[in-house]
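Architecture at a glance
Residue strings, one per chain:
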Amino acid sequence: MQNKLEPGNLLYSDGNLAESGYAFSLVKTYNRNHIKANKMRIKEWDYYYIGNEHFGVALTVADNSYMSLASISFLNFDKPSEKTKSFIKFFSNGKLNLPSTSVTGDVIYKSKKCNISFKHEGNKRHIEAKMKKFDDDKDFRCDIYLEETNKDSMVIATPFKKDKHFYYNQKINLLRSSGYVKIGDEYFDFNNDTYGVLDWGRGVWTYKNTWYWSSLSAIHNGKRIGFNLGYGFGDTSNASENMFFYNDRAYKLNDVHFDIPIDKKGNDDYLKPWKITSSDGTISLLFTPIINRHANTSLVILKSIQNQVFGRFNGYICIGDERITVSNLLGFAEKVVNWW
């Protein structure tokens, strides 16, 4: 059963989630000061991916209390390659002052080697970043504006099976892009059928968890089409985060399963085609990988294994009696395992 969230505070006075469910906007009010769990367990982040048929850029600013992270990735799909560079600082403890909502407030990260900002300017989001020696001696710079094209987004509030632990998440698909990326003297045009997604997350997480997430924002047969599919983000018995965006509307979907091929050693074979399906038959997608943005970070008792795979989707998603065909559209699917 999927519960639609009502407006109100996200947390009760005891720090537990007031209501679990989904919404099409941030109807619940998040306040870091209302959290009653160990403050070192708080995770807050803003992540943007912006891309088209040829290349993409991903930018992260995160404050995980015991550490902060600033990260930039650039992906080239024409000659498959990716470059990621990240900076970590310890014991940030909320010092980044990430906004309590995605609707207002700015995200600012500054250091000697890396500056990233996500600002609201009028009805657009202004994404700027600079990083010295991003790729060998080549500096990175981007200046991109993002405009929302759909009034609806994916929002979930989910508990974990541990007292005072929760996740509040918004994914905004189909953010229309205008701007550029420069790496050294090479210029990449982020206009014309280039779209982004915002992953806005706030919560108190358990130590070990595994999540699956897939996202698409594109133009198909002259119409904007996108989806957010995933699971593993807490107890989703009252709401999944599966949503389909088509023709300026959002449609709620039920469950989803990621079938990742297994190699002869019994490990996930991320660069072989995946199947993404639902038990009710409304989702049937074949995902053919191009690039795996793999990261394996280990800091004593903290560890993160990330496989964010970019590739092409084919298949269909059903909304009511209508079957929408997905043909050779570029997006990503990921599996992330955290001990954090």
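Residues numbered from 1 in each chain as written. Predicted model: local features only at pLDDT ≥ 70, side-chain atom pairs only at ≥ 80, totals over all residues. Heavy atoms only, no water.

**Looking at the overall build of the chain**
In terms of helices and strands, the chain carries zero helices and 24 strands. Considering the chain as a whole, with its 340 residues, one finds that 53% of them fall into the buried category. Taking as baseline every contact in the chain between residues at least 6 positions apart, the subset at least 24 positions apart corresponds to 55%. Surface exposure of the chain reaches about 15100 Å², of which carbon and sulfur atoms provide 47%. Charged side chains in the chain number 45 positive and 38 negative. The centres of these two groups are separated by 6 Å. (Helix = DSSP H or I, 4+ residues; strand = E, 2+ residues; numbered from the N terminus. Buried < 20%, exposed > 50% of the residue type's maximum accessible area, 1.4 Å probe, protein only. Contact = heavy atoms within 4.5 Å. Areas by Shrake-Rupley, 256 points an atom, 1.4 Å probe, with all protein chains shown as cover. Lys, Arg positive; Asp, Glu negative; His and termini not counted. Charge placed at Lys NZ, Arg CZ, Asp CG, Glu CD.)

**Focus: the pairing of strand β4 (residues 42–51)**
Burial analysis of β4 places ten of its ten residues in the buried class, which makes it a mostly covered element. On β4, burial covers both faces: Ile-42, Glu-44, Asp-46, Tyr-48 and Ile-50 on one face and Lys-43, Trp-45, Tyr-47, Tyr-49 and Gly-51 on the other are all buried. Alignment of β4 against strand β15 (residues 195–204), held across ten bridges, turns out to be antiparallel. Pairing of Lys-43 across the sheet is with Gly-203, part of β15. In terms of strand pairing, β4 meets strand β5 (residues 55–63) through eight bridges, oriented antiparallel. Bridging across to β5, Gly-51 finds its partner in Gly-56. (Pairing = 2+ DSSP bridges.)

**Comments concerning the nonpolar core**
In terms of nonpolar packing, the biggest core is built from 48 residues, with Leu-59, Ile-116, Phe-140, Ile-144, Val-181 and Phe-190 touching the most fellow members. When residues no more than four places from it in sequence are discounted, the contact partners of Ile-144 are Ile-50, Val-57, Arg-125, His-126, Ile-127, Ser-177, Ser-178, Gly-179, Tyr-180, Val-181 and Phe-190. Among the nonpolar cores identified, the runner-up in size contains 33 residues, and Trp-45, Tyr-66, Met-154 and Trp-205 belong to it. (Core = buried A, V, L, I, M, F, W, Y, C linked by side-chain atoms within 4.5 Å.)

**Examining the pairing of strand β14 (residues 186–189)**
For strand β13 (residues 166–183) and β14, the ladder comprises four bridges, and the chain directions are antiparallel. Bridged to Lys-182 within β14 is Tyr-187.

**Focus on unusual backbone geometry**
Positive phi is not limited to glycine here, since Lys-133 has a value of about 50 degrees. Residue placement: Lys-133 occurs in strand β10 (residues 124–135). A positive phi angle, close to 55 degrees, is found at Asn-221, a residue other than glycine.

**Looking at the pattern of salt bridges**
Within the structure shown, the criterion is met by twelve salt bridges. With a closest N to O distance of 3.5 Å, Glu-147 and Arg-176 form a salt bridge. Taken together, the residues span a long stretch of sequence, with Glu-147 in strand β11 (residues 138–148) and Arg-176 in strand β13 at a distance of 29 residues. For Asp-269, the salt bridge goes to Lys-272, with nearest N and O atoms at 3.5 Å. (Salt bridge = Lys/Arg side-chain N within 4 Å of Asp/Glu carboxyl O.)

**Notes on a nonpolar patch on the surface**
Where nonpolar side chains cluster on the molecular surface, the patch consists of Ile-88, Phe-90 and Phe-91 and spans about 320 Å² of accessible area. Tracing the sequence through the fold places Phe-91 in the loop between β7 (81–90) and β8 (107–110). Overall, Phe-91 belongs to the exposed group, its relative accessible area being 53%. (Patch = residues over 30% accessible without salt bridge, like charges linked within 9 Å, V, L, I, M, F, W, Y side chains within 5 Å.)

**Remarks on the packing of aromatic side chains**
Under the defined criterion, the tally for this structure stands at 36 aromatic pairs. Ring centres 6.5 Å apart and planes at 80 degrees place the aromatic pair Trp-205 and Phe-233 in the edge-to-face group. In this pair, Trp-205 is assigned in the loop between β15 and β16 (208–220) and Phe-233 in the loop between β17 (223–231) and β18 (243–246), connecting sequence segments 28 residues apart. Per residue, the accessibility class of Trp-205 equals that of Phe-233, and both read buried. Judged by centre distance (5.8 Å) and plane angle (65 degrees), the ring pair of Tyr-212 and Phe-258 falls under edge-to-face. With Tyr-212 in strand β16 and Phe-258 in strand β20 (residues 257–259), the pair connects residues that are 46 residues apart, well separated along the chain. Grouping residues by exposure puts Tyr-212 and Phe-258 together as buried. Aromatic ring contacts, followed pair by pair, group Tyr-212, Phe-227, Tyr-231, Phe-258, Tyr-270, Trp-274, Phe-287 and Phe-313 into a single cluster. One cation-aromatic arrangement involves Lys-43 over Trp-340; the distance from NZ or CZ to the ring centre is 4.7 Å. Lying across the ring of Tyr-22, Lys-252 places its NZ or CZ 5.1 Å from the centre. (Phe/Tyr/Trp six-rings, centres within 6.5 Å; stacked < 30°, edge-to-face > 60°. Lys NZ or Arg CZ within 6 Å of the ring centre and 35° of its normal.)

In short, geometric facts, not functional conclusions.
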